[in-house]
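Here's the letter readout for the chains.
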Amino acid sequence: QVQLVESGGGLVQPGGSLRLSCASSKSIFSINAMAWYRQAPGKQRELVAGITSGSRINYADSVKGRFTISIDSAKNTVYLQMNSLKPEDTAVYYCHAHTEVVNTPYDYWGQGTQVTVSS
């Protein structure tokens with residue numbers, strides 16, 4: 001079992017910045033991949049950014065150049081730095097962890113944190 005606890009959401013004006021944090025209850029080194037997803041009202045949940053244990057990173061086209069995903073392995077925490085925020089970035093942001101144990105995949109989700117971009 002992996003517990004994920006997100007923090008850092010809030011209300012920000014367009015063009016502003018926020019940093020989301022996701023603390024894992026297990027060592028980052030035991031997790032195959034971590035990612036941030038978001039879900040806006042009336043829309044499907046979508047991948048925002050992901051990072052694998054091999055440090056491969058990918059971003060949704062809509063956030064490339066504005067968002068940065070990173071890991072602090074000493075704190076077992078993954079971050080999402082969000083700059084130049086736009087109203088369309090408004091959503092609930094979820095942290096996700098993927099592990100494999102004896103070739104069996106497991107997926108874990110955090111509770112979500114609200115990000116609202118509005119003037």
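Residues numbered from 1 in each chain as written. Predicted model: local features only at pLDDT ≥ 70, side-chain atom pairs only at ≥ 80, totals over all residues. Heavy atoms only, no water.

Residues and numbers for the overall build of the protein, please.
Counting secondary structure elements, the protein contains 0 helices and 11 strands. Helices and strands in the protein line up, N terminus first, as β-β-β-β-β-β-β-β-β-β-β. A globule of 119 residues ought to have a C-alpha radius of gyration of about 14 Å, and the protein, at 14 Å, matches this closely. By the burial criterion, 40% of the 119 residues in the protein qualify as buried. Residue pairs at least 24 apart in sequence account for 53% of intrachain contacts in the protein once pairs closer than 6 positions are excluded. Here the protein displays about 6500 Å² of accessible surface, and carbon together with sulfur accounts for 48% of that area. Across the protein, the mean location of the 10 positive side-chain charges is 3 Å away from that of the 8 negative side-chain charges. (Helix = DSSP H or I, 4+ residues; strand = E, 2+ residues; numbered from the N terminus. Rg over C-alpha atoms; globule rule 2.2 N^0.38 Å. Buried < 20%, exposed > 50% of the residue type's maximum accessible area, 1.4 Å probe, protein only. Contact = heavy atoms within 4.5 Å. Areas by Shrake-Rupley, 256 points an atom, 1.4 Å probe, with all protein chains shown as cover. Lys, Arg positive; Asp, Glu negative; His and termini not counted. Charge placed at Lys NZ, Arg CZ, Asp CG, Glu CD.)

So, the state of the cysteines: which residues are in play, and what are the values?
Evaluation of the coordinates by the stated rule reveals 1 disulfide. Here cysteine 22 engages in a disulfide with cysteine 95; their sulfurs sit 2.0 Å apart. Measuring handedness by torsion sign, the sulfur bridge of cysteine 22 and cysteine 95 sits at about -80 degrees and is left-handed. Of this pair, cysteine 22 sits in strand 3 (residues 18–24) while cysteine 95 sits in strand 9 (residues 91–101), placing them 73 residues apart in sequence. For the residue pair cysteine 22 and cysteine 95, the accessibility class agrees, reading buried in each case. (Disulfide = S-S within 2.5 Å.)

A description of the pairing of strand 9 should follow, citing residues and the corresponding values.
Strand 9 sits mainly inside the fold: 8 of its 11 residues count as buried. Here 7 bridges tie strand 4 (residues 33–39) to strand 9, and the two strands are oriented antiparallel to one another. What sits directly across from arginine 38, in strand 9, is tyrosine 93. Here strand 9 runs beside strand 11 (residues 113–117); their pairing, made up of 3 bridges, is antiparallel. Bridge assignment links valine 92 to a residue of strand 11, and that residue is glutamine 114. (Pairing = 2+ DSSP bridges.)

Quick rundown of the packing of aromatic side chains? Include the residues and the values.
Each pair of aromatic rings is reported with the distance of its centres and the angle of its planes. Overall, the coordinates contain 2 aromatic pairs when judged by the stated rule. Seen from their ring centres, tyrosine 37 and tryptophan 109 are 5.0 Å apart, and the 65 degrees between their planes marks the pair as edge-to-face. Taken together, the residues span a long stretch of sequence, with tyrosine 37 in strand 4 and tryptophan 109 in strand 10 (residues 104–109) at a distance of 72 residues. Here the aromatic rings of tyrosine 94 and tryptophan 109 are separated by 6.5 Å at their centres, their planes lie at 85 degrees, and the arrangement is edge-to-face. Remark: tryptophan 109 occurs in strand 10 and tyrosine 94 occurs in strand 9; sequence separation between them is 15 residues. When its relative accessible area of 14% is taken as the criterion, tyrosine 94 is described as buried. Chaining the aromatic ring pairs together yields one cluster made of Tyr37, Tyr94 and Trp109. A cation over a ring is seen here: arginine 45 above tyrosine 94, with NZ or CZ 3.8 Å from the ring centre. Sitting over the face of the ring of tryptophan 109, arginine 45 holds its NZ or CZ atom 4.6 Å from the ring centroid. (Phe/Tyr/Trp six-rings, centres within 6.5 Å; stacked < 30°, edge-to-face > 60°. Lys NZ or Arg CZ within 6 Å of the ring centre and 35° of its normal.)

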